[in-house]
Amino acid sequence: MQFSLMANNIHNSMKKVLLLIIGVSLFNCHIYAQQNAASIYAGIKKLSVMGSVLYIAAHPDDENNSFLPYLTKEKNYRTAYLSLTRGDGGQNLIGKEQGVELGLIRTQELLAARRIDGAEQYFSTAYEFGFSKSAEEALSIWDHQKVLSDVVWVIRKFQPDIIITRFPGDARAGHGHHAASAIIANEAFLAASDPTKFPEQLKLGVTVWKAKRILWNTFNFGSINTTNNNQFKLEVGGYNTLEGKSYGEIGAEARTMHKSQGEGRPRRRGVSYEFFETTGGDAPQNDLLDGIDISWSRLGAPLIQEQVTSIIKQYNIEKPAAIVPSLIDLYSKVKALPNSVWKNYELQQIQNLIKDAAGLFIEATAQKAQVIPGENLAIQILVNQRADLTSSIMNIQMPAKDTSIKRPLLNNQNVQIDYSFKVASNTTISQPYWLLKPKMEGMFDVSDYTLIGKAENDPTFFITVNVNFNGTDFAYSQPIQYKYTDPTKGDVYQPIAVIPAKEIKYDKEVYLMRDKKPIEISYQQIDHQGITEHKKVLIQSSHAELPTSSDAIFRKTIQYDHIPTLNYFPTATTKIVDIEVRAKKAKVGYIDGAGDKLPEALTALGYQVVNLKESDITIENLSTLDAIVVGIRAYNMYEWITEKNDIINQFIQQGGNYIVQYLKSNQVGINKVKVGPYAFSVNASKRVTQENVPVDFILPNHPILNTPNKITSTDFEHWVQERSTYQAENIDTHFEMPLSMHDVNEPASNGSLLIAPYGKGNMVYASITLFRQLPAGNPGAYKLLANLVELPKH
């Protein structure tokens, strides 16, 4: 039986409902996952433990991935990771996204990791502005009090029994953000229980909260070992029979989701210890949660503890549905308790366990990935209970329509409903909430407390299916998702994006206005309900107004297989760089690396760019090129570049310029990299992070500073995020080092730019951050790039 329904409108303000299935938010999933009998059993066991842990650090990948599944799956604690930032300022190993786009990717990578390890995920509004060498710098660029307020808010909402930091609040943390995260966490540990701190929060449904203790999870990172046998320690390398994996294996799978950081890890097995140092509260003696009642007695309900124990014993893994009546009775008992964070959390867990034990499948899908306000959206609802239970659909709440059905659910029989509704004209576009307002230097501007901590937006469209089991009603909410069948992946579920009816999109992010000459810029005027027009306009000055209004936006879509499709809507604009730059006709090869926009910059300078693959690296092919530019981290990604080193050296010897952007390390896999004819090593800790510090010209007559463009100190003005990264050391004497720079209160370093003549050509290692400066439209970076490409032959 099918129902076809039509509604005329949808209210823009919809009730926000979060559906969790064993701690996994389907709003974060792009592929549906029903829980199996073993997972249901694990969820029932988890009901018997009322302990919680909040883990705090600075970035995506800072979390201890092997420890989190131990907490969630061995100890059965409710566990969450609070990352102060979204990782916006790092490097991207899988694409060209930087800044807020990279933060969007890493947000979803964290959510993907949490789906594996079973923890929850939260964020503050701090922006990851790049590597920082001190907590003082980090806390001066971040709004210290605002980040503290965010963390206090999350603590008061989550109410953790204990808090654990990944780092200490000093230089041992290895990064200013790391140390700052520990400082803020320890401040928040005290402030969360103080009613005079951020009292406005207490009017919004939270109460003061005092965690029992805060600990630092010490570490042994090879060269830095902060563990010792006087610290409290736990063996966490156990084997989980329900998962069929050790916690080291689960942790490796979770960490491997940090693909934009190249964090794939081997699955570890065997004994493994974690060490802890107490920084607040009383120290544990036998267990992390010593002194905390983690039974139902903390809610004054010891009989419920006994009931849960009985349900665990009753559970038949071959007949999960048989436990549903007992879970319904448990639900009614918990519902009668006084209101609390734990009560609400456990009710949601029990409700989801009932759904999964009943084999209840609910989906709401559309065949459109995007919708414009004012359009109709047709959806299909499918409900199937794959168990022989007494249950009925009572009603389904759909956008702008509540439908009373009162239909029994028969074992493994589909109930399908087709429905179409008009999306309200004032429905907001799918802009991530932290990007709704312009970003400040070190912070996202989010003032709405109800959004603080959230990993992502709630879905715009959802349904709620009200099901009666044995006389008790349960409401199950499900996002409406775009569904399609991929020939290699099968069913795929993606979020539905609400997009504007009209967009403006420039063809290029950066245009060079060379020697004050007018330039033609082109853009698309996109009308999703009409005609898309391609337009061109002549710009006479870099200060001229662009032909689009300041509130025009366009959609950027990010797609990778390991995360949902992402959409966001930056302002429609382009950069016009007023520059006097000399660049002759040249043919430049480019070896792609971990994602940069050098090819676009080379093309803007007038060079012919040829993308090079492994098979192209022959002396015959390379002899047609004037220069080769190697993308960032390419040597750490592709062993074949090292294997082709002899051919590359021949290219240089015959007169080519070979320009290598920064390496992350001296390794590719288990082997050392070979870069050109002369040796140097890379030091990951040698970098200049203060983008405005002076740059000294220690070889002022060197061609790199004079030919074909004169480089002056003004060419290093207005750089963004950093000067250089992963500088060279142990440098062969053939190299010349024309530049010197250093952060404040540090010794000078000249490892940011190395140039060595070899035969008729030149070998270059450039750790100066051209990959950031060129997309930012920095004129000096374009002049430096031209000078590198056109270094004189010998």
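One structure accompanies this document, and this report is about it. (Residues numbered from 1 in each chain as written. Predicted model: local features only at pLDDT ≥ 70, side-chain atom pairs only at ≥ 80, totals over all residues. Heavy atoms only, no water.)

## Considerations on the overall build of the protein
The secondary structure content of the protein amounts to 17 helices and 41 strands. The C-alpha radius of gyration computed for the protein amounts to 29 Å, which stays within 12% of the reference 28 Å derived for 794 residues, consistent with globular compactness. Here the C-alpha coordinates of the protein stretch approximately 90 × 70 × 55 Å along the principal axes. Going through the 794 residues of the protein one by one, you find that 57% of them count as buried. Accessible surface, the protein: about 32500 Å² in total, of which carbon and sulfur atoms supply 49%. (Helix = DSSP H or I, 4+ residues; strand = E, 2+ residues; numbered from the N terminus. Rg over C-alpha atoms; globule rule 2.2 N^0.38 Å. Buried < 20%, exposed > 50% of the residue type's maximum accessible area, 1.4 Å probe, protein only. Areas by Shrake-Rupley, 256 points an atom, 1.4 Å probe, with all protein chains shown as cover.)

## Description of the packing of helix 9 (residues 324–335) against helix 10 (residues 341–357)
One can describe the packing of helix 9 onto helix 10 by two numbers: an axis separation of 10 Å at closest approach and a directional angle of 165 degrees. In terms of their interaxial angle, helix 9 and helix 10 are classed as roughly antiparallel. Here helix 9 runs over helix 10; the crossing is left-handed. Contacts between helix 9 and helix 10 involve Val-324, Leu-327, Ile-328, Leu-330, Tyr-331, Val-334 and Lys-335 from the first element and Lys-343, Leu-347, Ile-350, Gln-351, Leu-353, Ile-354 and Ala-357 from the second. (Axes fitted to C-alpha atoms, helices over the stretch in contact; angles between N-to-C directions. Parallel < 35°, antiparallel > 145°, perpendicular 65-115°, else oblique. Left-handed = near helix turned anticlockwise from the far one by under 90°. Contact = heavy atoms within 4.5 Å.)

## Re the sheet that holds strand 32 (residues 627–630)
Ordered in space as 31-30-32-33-41-40, the six strands form an open sheet in which the pairing is mixed. Both outer strands of the open sheet, strand 31 (608–611) and strand 40 (753–758), are each paired with one neighbouring strand and no more. Neighbour-to-neighbour, the strand axes of this sheet turn through a mean angle of 20 degrees, independent of strand direction. Where strand 32 meets strand 33 (residues 657–661), four bridges bridge the pair, whose relative direction is parallel. Each residue of the ladder has a partner; that of Ala-627, found in strand 33, is Asn-657. Sitting on the sheet, helix 15 (residues 645–653) is in contact with strand 32, strand 33, strand 40 and strand 41 (761–766), with an inclination near 120 degrees to strand 41. (Pairing = 2+ DSSP bridges.)

## A word on the pattern of salt bridges
Enumeration according to the criterion identifies 33 salt bridges in this entry. With its nearest N and O atoms 3.0 Å apart, the salt bridge here joins Glu-63 to Arg-114. Of this pair, Glu-63 sits in the loop between strand 4 (52–57) and helix 2 (67–74) while Arg-114 is found in helix 3 (residues 100–117), placing the two residues 51 residues apart along the sequence. By relative accessible area, which is 2% here, Glu-63 ends up buried. Judged by its relative accessible area of 2%, Arg-114 falls in the buried class. For Glu-263, the salt bridge identified is with Arg-255, shortest N-O distance 3.0 Å. (Salt bridge = Lys/Arg side-chain N within 4 Å of Asp/Glu carboxyl O.)

## Remarks on the sheet that holds strand 5 (residues 78–83)
Across the sheet, which stays open at both edges, the seven strands sit in the order 6-5-4-7-8-12-9 with mixed pairing between neighbours. Both edges of this open sheet fall to strand 6 (120–123) and strand 9 (232–235), since each of them pairs with a single strand only. Taken over all neighbouring pairs, the strand axes of this sheet differ in orientation by 30 degrees on average, direction set aside. As paired strands, strand 4 and strand 5 are joined by six bridges and run parallel to one another. Bridge pairing links Ala-57 to Ser-83 in strand 5.

## Quick notes on the pairing of strand 25 (residues 519–527)
Direction of pairing for strand 23 (residues 502–506) relative to strand 25: antiparallel, over a ladder of five bridges. Residue Lys-502 lies in a different strand from strand 25, and its bridge partner there is Asp-527. As paired elements, strand 25 and strand 26 (residues 533–539) share seven bridges and run antiparallel to each other. Residue Ile-519 lies in a different strand from strand 26, and its bridge partner there is Ile-539. Linking two consecutive strands that pair antiparallel, namely strand 25 and strand 26, is a turn of five residues.

## What to know about the side chain of Asn-649
The residue Asn-649 is located in helix 15 in this model. Since its relative accessible area comes to 12%, Asn-649 is described here as buried. For Asn-649, the contacting residues outside a window of four places in its chain are Gly-676, Pro-677 and Tyr-758.

## Topic: helix 9
Compared with the 16 Å implied by 1.5 Å per residue over twelve residues, the 16 Å span of helix 9 between its first and last C-alpha is a close match. Listed as buried for helix 9 are Val-324, Ser-326, Leu-327, Ile-328, Leu-330, Tyr-331 and Val-334. (Expected span 1.5 Å × (residues − 1).)

## Thoughts on unusual backbone geometry
A negative phi angle is the norm for most residues apart from glycine, just as the trans form is the norm for most peptide bonds. Cis peptide bonds are those with omega within 30 degrees of zero, and the linkage from Thr-707 to Pro-708 qualifies with -10 degrees. Positionally, Pro-708 belongs in the loop between strand 37 (695–697) and strand 38 (727–729). Residues other than glycine seldom take positive phi values, yet Ala-400 does so here, at roughly 70 degrees. Inspection of the secondary structure puts Ala-400 in the loop between strand 16 (391–398) and strand 17 (401–408).

## Here's the deal with the packing of aromatic side chains
For the structure shown, the criterion picks out 31 aromatic pairs. Taking 5.7 Å as the distance between ring centres and 80 degrees as the angle between the ring planes, the aromatic pair formed by Trp-342 and Tyr-345 counts as edge-to-face. Of this pair, Trp-342 and Tyr-345 are both found in helix 10, three residues apart, which corresponds to roughly one turn of the helix. With respect to class, Trp-342 is no different from Tyr-345; both count as buried. The ring of Tyr-273 is capped by Lys-233, whose NZ or CZ atom sits 4.8 Å from the centre of that ring. (Phe/Tyr/Trp six-rings, centres within 6.5 Å; stacked < 30°, edge-to-face > 60°. Lys NZ or Arg CZ within 6 Å of the ring centre and 35° of its normal.)

## Side note on the pairing of strand 24 (residues 510–514)
Counted residue by residue, strand 24 has four buried out of five residues, so it is predominantly covered. As paired strands, strand 24 and strand 29 (residues 575–579) are joined by five bridges and run parallel to one another. Note that in strand 29 the partner of Met-513 across the bridge is Asp-578.

Purely geometric stuff here, so don't read any function into it on its own.
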